[in-house]
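Listed below are the residues making up each chain.
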Amino acid sequence: MTPDQQGTERATILDLQNVTCHYQANQPAVQNISITAQEGEIICLLGPSGCGKTTTLRAIAGFEKVTTGDVFLNGQLVSSANTHIPTERRRVGMVFQDYALFPHLRVEENVSFGLQALSRTSRHERTATMLELVGLTGFEQRYPHELSGGQQQRVALARALAPNPVILLMDEPFSNLDPDMTIKMRNELYRLLRQTNTTAVLVTHDHQEAFAMADRVAVLQDGILVQYDTPETIYHRPTCQFVAEFVGKADFIPGVIQHGTIETEIGAFPNQGRYQGNSKVMVMVRPDDIKMSQSTSNHAKIISRQFRGSQHLYAIELPTGHIVHSVEPSDHSYEVNTHVSLEIIATHTVLFEHPTESTS
């Protein structure tokens, strides 16, 4: 049992302990992955293609055997070097990238496919309940090809949740939807998971999707877990430059720690890091950390502007040639080549080692 933010004890549903999986003898696909998820928690596996997200998900589902480490589901050991409980005995629900609906079965038959152990009456009642939950009452007799992409995804969700799984596993479930439908379905899925108190693992390469859905985010790089924390911590306090850049626009400018602050060419940042006086560091700067105003005396110059609806994203060249970015409301715009002054409005400082310091 683990207490949640309100202090309520919640059971640990998923526990990966130092899990390693190999596709080739000398090349692990994932290495020493340790992740936990409590009952009702939504976690996201986030990272670029080939980082090990889907392999980790498949190891949880039982589609991949682990080389070393342990996988526990609801307190039961289901995978280790010497143990492998088959997928069908793990009580996991799966939503695949292409939904994997049976094209020759109607909606009602797709949803009830995993309920064969129930009586006909119970199977019908459970199917009706799930279709009502996903808003598809009245679509029972349709075939998958007669549904929209969003409706097909709802059927896949209803089918995965119908057997009341211990955990729901989803592999890029929104990848086949257009952007507007993605946002709508993401909101509906979030509501559904909260309503049913379902523990879920979502694989995605989209940090905005991960931030919108997850209680905690696991960022993977080259098969290694580099950070596992809340979306807010991942964004505001990344543990490495890879995470900082992957979860949002980030610039890095050199600074020197002097008299308790970090001095940079755009101003002073408070020193909240582990580095001591006179150390050279790299300061992470996000676009919302900088406020700019037009100036005739400053050498910083706007070199590009991107319209983003409610905001403009500006790229600003500093006298040293370093580039930083700033977001400003789009009701007023600055022209390219405008000289500007910069004001730091960051509430915290994220520091990384300076390249020259790490090699000295």
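Each value, and the rule that gives it
Residues numbered from 1 in each chain as written. Predicted model: local features only at pLDDT ≥ 70, side-chain atom pairs only at ≥ 80, totals over all residues. Heavy atoms only, no water. Helix = DSSP H or I, 4+ residues; strand = E, 2+ residues; numbered from the N terminus. Contact = heavy atoms within 4.5 Å. Buried < 20%, exposed > 50% of the residue type's maximum accessible area, 1.4 Å probe, protein only. Pairing = 2+ DSSP bridges. Axes fitted to C-alpha atoms, helices over the stretch in contact; angles between N-to-C directions. Expected span 1.5 Å × (residues − 1). Core = buried A, V, L, I, M, F, W, Y, C linked by side-chain atoms within 4.5 Å. Salt bridge = Lys/Arg side-chain N within 4 Å of Asp/Glu carboxyl O.

Participant: What exactly am I supposed to notice about the overall build of the chain here?
Facilitator: When helices and strands are counted, the chain shows nine helices and 22 strands. Its C-alpha atoms give the chain principal-axis dimensions of about 80 × 50 × 45 Å. Of all intrachain contacts in the chain linking residues separated by at least 6 positions in sequence, the fraction that spans at least 24 positions is 63%.

Participant: Hey, could you run me through the environment of Ile60 in this one?
Facilitator: Assignment of secondary structure puts Ile60 in helix α1 (residues 53–61). Note on Ile60: relative accessible area 1%, which makes it buried. In this structure, the C-alpha to C-alpha distance between Ile60 and Leu169, residues 109 residues apart in sequence, is 8.4 Å. Setting aside chain neighbours within four positions, we find Ile60 in contact with Leu14, Leu16, Val71, Leu73, Arg90, Val92 and Leu169.

Participant: Mind showing me how you'd approach the sheet that holds strand β22 (residues 351–353) here?
Facilitator: The strands that make up a sheet pair up through hydrogen bonds in the backbone, lying either parallel or antiparallel. With antiparallel pairing, five strands are arranged side by side in an open sheet as β15-β14-β13-β16-β22. Of all the strands in the sheet, the pair left with one neighbour each is β15 (267–270) and β22. For this sheet, the mean inter-axis angle between neighbouring strands, taken without regard to orientation, is 40°.

Participant: Is there a simple way to think about helix α4 (residues 149–161) in this case?
Facilitator: The α-helix advances 3.6 residues per turn, and as a result positions three or four apart in sequence lie on the same side. Given a rise of 1.5 Å per residue, 13 residues ought to cover 18 Å, and the 18 Å separating the end C-alpha atoms of α4 matches this to within 8%. Within α4, burial applies to Gly150, Gln151, Gln153, Arg154, Val155, Ala156, Leu157, Ala158, Arg159, Ala160 and Leu161.

Participant: Quick question: what am I supposed to make of the nonpolar core here?
Facilitator: Grouped burial of nonpolar side chains is what soluble globular proteins tend to show. Val111, Leu168, Met170 and Leu193 are the most contacted members of the largest nonpolar core, which totals 43 residues. Ranked by residue count, the leading element in this core is α4, at six residues. If you look at the next biggest cluster of nonpolar residues, it comprises 31 residues, including Leu16, Val19, Met94 and Val166.

Participant: Help me out: how do you make sense of the sheet that holds strand β9 (residues 167–171) in this one?
Facilitator: The six strands are arranged β8-β9-β10-β5-β11-β12 in an open sheet whose pairing can be described as mixed. Edge strands, defined here as strands with exactly one partner in the open sheet, are β8 (92–95) and β12 (224–229). Put simply, the sheet's adjacent strands are angled 20° from each other on average, direction ignored. Two elements, strand β5 (residues 42–46) and strand β11 (residues 216–221), share four bridges in a ladder whose sense is parallel. Looking across to β11, one finds that Leu45 is bridged to Ala218. Strand contacts of α1: β5, β8, β9, β10 (200–204) and β11, with the helix running at about 150° to β9, the strand carrying the most contacts.

Participant: How should the pairing of strand β6 (residues 68–73) be read in this particular structure?
Facilitator: Across a regular strand the side chains alternate sides, sitting on one face of the sheet and then on the other. Where strand β3 (residues 12–24) and β6 come together, five bridges link them in antiparallel fashion. Opposite Asp15, over in β6, you have Phe72 as the bridge partner. In terms of strand pairing, β6 meets strand β7 (residues 76–79) through three bridges, oriented antiparallel. Looking at the pairing, Val71 lines up with Ser79 of β7. Linking β6 back to β7 in an antiparallel pair, the connection comprises two residues, with Asn74 at a positive phi of about 55°.

Participant: Where do I start with the side chain of Glu41 in this structure?
Facilitator: Examined against the element boundaries, Glu41 turns out to sit in the loop between β4 (27–38) and β5. Among the residues examined, Glu41 registers a relative accessible area of 4% and is labelled buried. Contacts of Glu41, omitting those with residues within four sequence positions, involve Arg10, Thr36, Thr198, Thr199, Ala200, Asp215 and Arg216.

Participant: Even after reading the chapter, I still don't get the pattern of salt bridges, so can you show me in this structure?
Facilitator: It is possible for side chains bearing opposite charge to pair when their charged atoms get close. Applying the stated rule across the entire model yields six salt bridges. Note that Glu41 is salt-bridged to Arg216, the shortest N-O span being 2.7 Å. A residue pair is termed long-range when its members are at least 10 positions apart, and Glu41 in the loop between β4 and β5 and Arg216 in strand β11 qualify at 175 residues. As far as the burial class goes, Glu41 and Arg216 line up, both buried. Between Arg305 and Glu335 there is a salt bridge; the shortest N-O distance is 3.9 Å. Here Arg305 is found in strand β18 (residues 301–308), whereas its partner Glu335 is found in the loop between β20 (323–329) and β21 (340–344), with 30 residues between them in sequence.

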